[in-house]
Structures are given as structure tokens and as C-alpha cells.
Amino acid sequence: MERVAKGRVKYSKTSCYLCSEWLDDNVVEKHLLHCRQKQIVCPNGCGAIVQQKLLQLHLSTCSAGYGERKPTKTIKNSYERESTASNTMSSMDEASANTVVDDTASVVFGLEKNIREMKVSAAGVKSRMVYLEARLDGLLLACNTLLEVLRKIAAAGGQPPNDANELIAHELKNIKTQLEPLSITASLDNQAGGSQHAPVAVGGAGIPVASSDLEKKVKQLEERVTKYQQDTQRTNQRFDMMENHFKVAYYQAGLASQTGRIIWCINDYSYHLANAKAYNVMMRGPIFSHAQYGYTLQVEVDLNGVGPYRGRNMSAGVLVLSGPYDALLNWPCRFNATFILHDQCADRSTAHNITKPFIVRQRNRQDGCNQYVHVLHETLRCCNYLKNNSLMIEMIVEYQADTSQE
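Here, residues in each chain are numbered from 1, in the same order as that chain's written sequence. Given that the model is predicted, a residue must reach a pLDDT of at least 70 before its local features are reported, and side-chain atom pairs must reach 80 or more before they are shown or counted; all residues, however, enter totals for whole chains, interfaces and linings. By convention in this description, side-chain values take in all heavy atoms of the structure and omit both hydrogens and water.

### Quick notes on the overall build of the chain
Then comes step 1: Numbering of helices and strands runs from the N terminus; a helix is a DSSP stretch of H or I covering at least four residues, while a strand is a stretch of E covering at least two. Broken down by element type, the chain carries nine helices and 15 strands.
Then comes step 2: Across the 406 residues that make up the chain, the buried fraction comes to 42%.
Then comes step 3: For the area figures, the Shrake-Rupley method with a 1.4 Å probe applies, and any residue is considered shielded solely by the protein chains shown. Surface summary for the chain: the accessible area is close to 23100 Å², and the carbon and sulfur share equals 52%. Exposure categories follow from relative accessible area, calculated using a 1.4 Å probe and restricted to protein chains: below 20% of the type maximum is buried, above 50% is exposed, and the middle band is partly exposed.

### Overview of the sheet that holds strand E7 (residues 261-266)
Then comes step 1: Between any two strands, at least two bridges found by DSSP are needed for them to pair. Strand order in this open sheet of four strands is E7-E15-E11-E12, and the pairing throughout is antiparallel. Each edge of the open sheet is held by one strand with a lone partner, namely E7 and strand E12 (354-359). Sheet twist, expressed as the average angle between the axes of neighbouring strands with direction ignored, equals 20 degrees.
Then comes step 2: Inspection of the sheet shows strand E11 (residues 335-341) paired to E12 by six bridges, in the antiparallel sense. Residue pairing in the sheet places phenylalanine 339 in a bridge with lysine 356 of E12. For helices, the fitted line uses only the C-alpha atoms of the stretch in contact; every axis is such a line through C-alpha atoms, and the angle between N-to-C directions lies from 0 to 180 degrees.

### A few points about the side chain of threonine 235
Then comes step 1: The residue threonine 235 is located in helix H7 (residues 206-254) in this model.
Then comes step 2: Ignoring anything within four residues of it in the chain, the contact list for threonine 235 reads Met118 and Ala122. In what follows, a contact means two residues having at least one pair of non-hydrogen atoms within 4.5 Å.

### Thoughts on the side chain of serine 257
Then comes step 1: Relative to the elements of secondary structure, serine 257 occurs in the loop between H7 and E7.
Then comes step 2: With relative accessibility at 1%, the residue serine 257 sits in the buried group.
Then comes step 3: What qualifies as a polar contact is a pair of N or O atoms within 3.5 Å, subject to a donor-acceptor requirement within protein and to the restriction that residues adjacent in sequence count only when both atoms come from side chains. A polar side-chain atom of serine 257 sits 3.0 Å from a polar atom in the side chain of threonine 259.

### Side note on the environment of arginine 116
Then comes step 1: You can see arginine 116 is positioned in helix H4 (residues 94-155).
Then comes step 2: In this structure the C-alpha to C-alpha distance between arginine 116 and phenylalanine 239, which are 123 residues apart in sequence, comes to 9.2 Å.

### Let's talk about the pairing of E11
Then comes step 1: Burial analysis of E11 places five of its seven residues in the buried class, the great majority of the element.
Then comes step 2: Of the strand pairs in this sheet, E11 and strand E15 (residues 391-399) are connected by seven bridges, and their pairing is antiparallel. Paired with isoleucine 340 across the two strands is glutamate 394, which belongs to E15.

### Side note on the pattern of salt bridges
Then comes step 1: Salt bridges, as used here, are contacts in which a Lys or Arg side-chain nitrogen is within 4 Å of a carboxyl oxygen on Asp or Glu. Counted by the stated rule, this structure contains six salt bridges.
Then comes step 2: Across the pair aspartate 231 and arginine 234 runs a salt bridge, and its minimum N-O distance is 2.3 Å. Taken together, the residues aspartate 231 and arginine 234, both in helix H7 and three residues apart, mark about one turn of the helix.
Then comes step 3: The class for arginine 234 is partly exposed, based on a relative accessible area of 45%.
Then comes step 4: A salt bridge links glutamate 300 to arginine 284, with the shortest nitrogen-to-oxygen separation between them at 2.2 Å. Note that glutamate 300 is positioned in strand E9 (residues 296-302) and arginine 284 in strand E8 (residues 283-289), a separation of 16 residues in sequence.
Then comes step 5: Through salt bridges with shared partners, a single ionic network connects Lys227, Asp231 and Arg234.

### A few points about the packing of aromatic side chains
Then comes step 1: Each Phe, Tyr or Trp ring, with Trp reduced to its six-membered ring, pairs with another whose centre is within 6.5 Å; inter-plane angles below 30 degrees give stacked pairs, above 60 give edge-to-face pairs, and intermediate values give tilted ones. Enumeration over the complete set of coordinates arrives at six aromatic pairs.
Then comes step 2: Here the aromatic rings of tyrosine 293 and tyrosine 325 are separated by 5.2 Å at their centres, their planes lie at 90 degrees, and the arrangement is edge-to-face. Placement of the pair is tyrosine 293 in the loop between E8 and E9 and tyrosine 325 in the loop between strand E10 (313-321) and E11, with a sequence separation of 32 residues.
Then comes step 3: Take tyrosine 293: its relative accessible area is 46%, and that puts it in the partly exposed class.
Then comes step 4: The interplanar angle of 25 degrees and the centroid separation of 5.6 Å between the aromatic rings of tyrosine 295 and tyrosine 399 together place this pair among those described as stacked. Residue tyrosine 295 is found in the loop between E8 and E9, and its partner tyrosine 399 is found in strand E15; the two are separated by 104 residues along the sequence.
Then comes step 5: Take tyrosine 399: its relative accessible area is 29%, and that puts it in the partly exposed class.
Then comes step 6: Among the aromatic residues, ring-to-ring pairing joins Tyr295, Trp331, Phe335 and Tyr399 into one connected group.

### Some points on the nonpolar core
Then comes step 1: To define a nonpolar core, start from buried Ala, Val, Leu, Ile, Met, Phe, Trp, Tyr and Cys residues and group those joined through side-chain atoms within 4.5 Å. Membership of the largest hydrophobic core comes to 35 residues, with the highest contact counts inside it found for Leu297, Val301, Leu303, Met314, Phe339, Leu341 and Met395.
Then comes step 2: Apart from the residues within four sequence positions on either side, phenylalanine 339 is in contact with Met314, Ala316, Ile354, Thr355, Lys356, Phe358, Val373, Val375, Ile393, Glu394 and Met395.
Then comes step 3: Among the nonpolar cores identified, the runner-up in size contains 13 residues, and Leu136, Leu139, Val149 and Leu172 belong to it.

### Section: the environment of leucine 136
Then comes step 1: Along the polypeptide, leucine 136 turns up in helix H4.
Then comes step 2: Along the sequence, leucine 136 and lysine 217 sit 81 residues apart, while their C-alpha atoms lie 9.9 Å from each other.
Then comes step 3: Other than its neighbours up to four places away in sequence, leucine 136 contacts Val218, Leu221 and Glu222.

### Notes on helix H8 (residues 269-279)
Then comes step 1: Burial in H8 covers these residues: Tyr269, His272, Leu273, Asn275 and Ala276. Viewed along the axis of H8, the buried residues span an arc of 160 degrees, placing them on a single side of the element. Turned more than 90 degrees away from the buried face of H8, the exposed residues are Lys277 and Ala278.
Then comes step 2: Downstream of H8 by one or two residues, asparagine 280 has phi in the positive range, about 55 degrees. Summarising the geometry, the arc corresponds to the directions from the helix axis toward the C-beta atoms.

Encoded structure:
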């Protein structure tokens, strides 16, 4: 802030209308190019409009980011994305809006971290299950071989062959090898060790005891595998719950307003007007809703006019988009809207805003010719409607409950 003659004060700092940061006048334009609150179009081409600071989060879940990206079809789409990316502003109180968005971003990043941890946990459980199943298959094979030897001994009248002791010791060693990684081999140590020094009792109490122990170990392994399967299922359920919560939080954070009222500041008016004249570009503005869990709406402006008004007027309107809660809403819908072009004069008591009513446009439905408002280019240059090469447009949307079927 600089002092000038006669006690007047000249302000040399300006507040960013996106993040409310106070900046020197000579760095405002440079700051706006990199402001983290600026809304840009998804570079993958999915059509989503996100804040710059949330771009990486969107790219990690963007459906258009999987597979080969489709090239842009026309120069028109390129200019349309550039126009949309450079001119979005929320009508909410900026200080509170920044706080809400920052809190939401913190929650979203926390959810994403939890989801990654659960994915790693689920992968570990699945790997453990595969390992246990392989060990269980080897254990069952060794047990079957051992039981077959014992049946042969029993069929021979209890007289073991010469190599029976070595074969039984070998199979018990295989069983011990399979059970050792699972920390349940203690009960077999004595059996394996005893088989090396003394013959196994056949037809007595020794064989039933060994068979019973093996069956018990197999049952324990089966119960452990079942437990891991249940843990995996519970982990998958928690993952699905967190993913659904993340989707809802991300949609709510992406809306510029949920009150049916939005203010859009269009910067670089002359640049976008030249693009509209050269390439017939319709600018797409911020996405908002008329109420929480309501219809999804978007502002659209053609600086060179539409239809018979082309070349002499600016045309503006609001379009109804597809939203996540459409199944719970009434269709067809009808909205009465009010367009306000703000006079940006320094003395607000003398401001003369331009106010015009119109009807919100719905895709594939015609509600008459009052779907856009038109303002002459000569009028825009009067008063202070166009100040610092910027326009301030406000849209107020009201839902009309009783719709007429045409």
C-alpha cells in the first residue's frame, strides 16, 4: 500500500478471487495461471472439471485414463476446453469455500491412503492363502502315502516289510517338512525321531495315535484356510465401502455450488470473443446443483451469440447434465432461471445490473425459444460491465414443481 499526495492511499495489492491470497499487482496474472484453486478440464478427455490441486487425485480414478487415449477430433474441442479451464469461479463465500474444499481434500486423501493399505493387506492375505493351500496339498499327499503303507502292513498280518521302517520314517519327515513353516511340527518330532531307532507298533495303539494326530493337523490347516478366506472377504467388503464413500465425497467436492446460485468471472474477454468468432466455441462454465442431491447443472456462454443473434450479442444459458441422483428426481424437469450481468463500478450504490429471466435447457427437449438470454456487444462496453477485460455473470436457478408435458 503506497501513500500519495493529499493524504490519499493507493492500494498496490490485489486479492486472488479464487484462493483469496493477497498479491502484488504485478504478479496477479502470473499467480492466476498456477493457482491451485483454478478449475481445469481433465487432460484425459473425460469432460470432468476439477480444481488444479485435485487433478492428480482425479487422474488416479479417471475412467478415460485406462487404455489408449482418443485424439481430439476438432480444433473446436481444444478451444472449448481452454475456455472452460480458464474461467471458473464459485458463488460461495470464498473464505468458507476454501476451508470446505481443503477439509474435503484432506478426507479424500486419507480415504485413498486407507484404500491402498487395504489393497496391500488383501494381496498379502491372498498370497498367504496360496502358500497354505500348496503346503496342505503336500501334506495330504504325504499322509495318503503313509496311510497306504500302514494298510499294507495291516494286510500282511502285522509283519512289516524290511524297508517299512525306513519308508515310514521318510514319509514322517516329509510331513514334518510341510508343517515346519506353519509352526505346528512339535508333535511330530518325537514320532519322526522314534521311527529312526525303534520299529513302529503295527496293530497296536501306535498306528491309531499317529493317524489321529495327522487328521487333527489336517483339520487345523483346513480351519486356518477357512479363516483366511473369511478375512479376505471382510477386507473386500471394507474396500467396497471405502470406495463408495470416496465416490460420493469426490462428487460433492467437485460442485461449485449446491444452492442453485453461481457467479462466474470470465477473464480475457477479448481473447475468448475472438475464439468464438473464429471457431464457433461455446464456453462451458462451472458445474453446480440446485440443491443437495439435486439436479446437476452447468452454465454455458457463447460470446458471439447463437442463432439469429450471432455476431452482435453474447448469449448465455444453463444446461441440465446427467448426475448420480437422476433416478430419484422427477423427469422431465423445468427450471426458471435469472441471468444477472453485474455492473462492476466502484460505487455499488450506483450500479445498474442487467437482469433477464430465462428457462433452463434440458438435453433432447425443447421448451420454447426462451432458453438463452442475449446482451448486445455495445451494451457490454457501457458502464462497467466489462472491466479489466472481465465479465461477472450470475445465474440463479429455481425449480418449478408443476411441469407441463408438451
